[in-house]
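Below, each chain spelled out in residue letters.
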Amino acid sequence: MAYPHEWNFFERKTDRERMWILLDTSWMRCTADPERPWLVAVTVNTYGTSDRTTGKAALVSRIVRFERGLEEFLERRHGAVYVARLNTESRLEYYFYARDCEGFAETAAAIDRALAGWRVHSICRPDEEWGFYKYLEPNELERHLIRNAVILESLQARGDTAAARVVSHRMRFPSEASMLSCLESVRRSGYREVEFGRVDRADEGRQAGDEAAYQLVVCKKHRLDLDTLNAVVRELYELASAERGQYVGWGAALKPGWWKRAGLFLKKIGKPALFVLLAILLTAATAIGSRFMHDHLRDGKEVPSGKTGFASFAVFHATASVIPEDVGTRSAGIGVSGRDMRPSRQ
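Residues numbered from 1 in each chain as written. Predicted model: local features only at pLDDT ≥ 70, side-chain atom pairs only at ≥ 80, totals over all residues. Heavy atoms only, no water.

S.K.: Help me understand the overall build of the chain, please; the structure alone is not making it clear to me.
M.R.: If you tally the helices and strands in the chain, you get nine helices and 10 strands. For the chain, the residues scored as buried account for 38% of the 346 residues in total. Long-range pairs, those at least 24 residues apart, make up 76% of the contacts in the chain between residues at least 6 apart in sequence. When the accessible surface of the chain is summed, it comes to about 20500 Å², and 54% of that surface belongs to carbon and sulfur atoms. (Helix = DSSP H or I, 4+ residues; strand = E, 2+ residues; numbered from the N terminus. Buried < 20%, exposed > 50% of the residue type's maximum accessible area, 1.4 Å probe, protein only. Contact = heavy atoms within 4.5 Å. Areas by Shrake-Rupley, 256 points an atom, 1.4 Å probe, with all protein chains shown as cover.)

S.K.: When you look at the sheet that holds strand 2 (residues 18-24) in this model, what are you seeing that I'm missing?
M.R.: Strand pairing in a sheet relies on backbone hydrogen bonds, with the paired strands running either antiparallel or parallel. Reading across the sheet, the six strands line up as 1-2-4-5-3-6 and stay open at both edges, with antiparallel pairing between neighbours. Of all strands in the sheet, those with a lone pairing partner are strand 1 (7-13) and strand 6 (119-126), marking the two edges. Averaged over all pairs of adjacent strands, the angle between their axes in this sheet comes to 15 degrees, without regard to strand direction. (Pairing = 2+ DSSP bridges. Axes fitted to C-alpha atoms, helices over the stretch in contact; angles between N-to-C directions.)

S.K.: Can you walk me through the side chain of asparagine 230 in this structure?
M.R.: Along the polypeptide, asparagine 230 turns up in helix 7 (residues 226-242). By relative accessible area, which is 5% here, asparagine 230 ends up buried. Among the polar contacts listed, one links the side chain of asparagine 230 to the side chain of asparagine 148, at a separation of 2.9 Å. What asparagine 230 contacts, discounting residues up to four positions off in sequence, is Glu11, Leu145 and Asn148. (Polar contact = N/O pair within 3.5 Å; in protein donor to acceptor, adjacent residues only side chain to side chain.)

S.K.: How should the nonpolar core be read in this particular structure?
M.R.: Side chains of nonpolar character tend, in soluble globular proteins, to be buried together. Core analysis: the largest hydrophobic core is formed by 44 residues, its most contacted members being Val83, Tyr95, Met171, Val186, Leu216 and Trp250. Ranked by the residues each element gives to this core, the list is headed by helix 7, at six residues. Excluding residues that lie within four positions of it along the chain, leucine 216 makes contacts with His169, Arg170, Met171, Phe173, Met179, Cys182, Leu183, Val186, Glu193, Glu195 and Phe196. (Core = buried A, V, L, I, M, F, W, Y, C linked by side-chain atoms within 4.5 Å.)

S.K.: When you look at the environment of arginine 119 in this model, what are you seeing that I'm missing?
M.R.: One can find arginine 119 in strand 6. Residue arginine 119 is classed as exposed on the basis of its relative accessible area of 52%. Between the alpha carbons of arginine 119 and asparagine 45 there is a distance of 5.5 Å; along the sequence they are 74 residues apart. When sequence neighbours within four positions are dropped, the list of residues in contact with arginine 119 reads Thr43, Val44, Asn45 and Tyr47.

What follows is the structure, encoded as structure tokens:
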């Protein structure tokens, strides 16, 4: 049976450590899978692993191969589904829910052999209610962090550079007093208010019974990389929550790199205008080259061979009658994901 997958990535901080969780959130729509009552956990201690490899790239490559092989192996041997990966500074943890645990000692030994020389610990225990999965489910703040990762990945795919810019953040409050109290707090933290006041129910989409009747929009200039954005959202979420308010979200203008802006400009003007622009540039190059040759010949000077070649090249291309049909139509995009070791899916 095929299952839909919705992998989402977010950061979680506890009193003891900072962790990054990659979670298949599609399972949040159901309480548990009664056919898979066994929790399988595989922990890899990564402390000091750089000493065992030739570099970070080799380490990441080996971990990715191990993760893919582990998923296929446990699915084949125990009918397991991969539900989560947890990263900390010193370990990687992989979590599955399996149909059975028969012969798991042999399974654990095979996993140890797959990462020979590393400290690997594998367990299988009953978890019919999927209690550990529920522990990993994102809370309200972590849902905002998930959206941060998704939006930044989308911006990155559109050529955004993550450069610093003014970012607006929106919050809601149940009373004017709570809104104004939070406003004083965010001012002390370096934010500037854009607008604040009572929310119009019709304009802002408020529902009946919604207590968030007052809105505060603040802004601050900061980078749009994931770590910076998560830190800002976490700060504003906590400040709003302290006044019984809600952090709603953020917005900012797209800042693509010059190469992306150039591509968008060429796409916008279209192929005919692109050909005209090329013709103008080549004609200008020809005129400059011809003027240079004329001045040197008039003065009886020898024309440098390299510049003669430039002028000849310009004349040849300016008078050419054949232009390839696909000029300006080819594009290449590189998408960079914060989920480098996301499990592959068919």
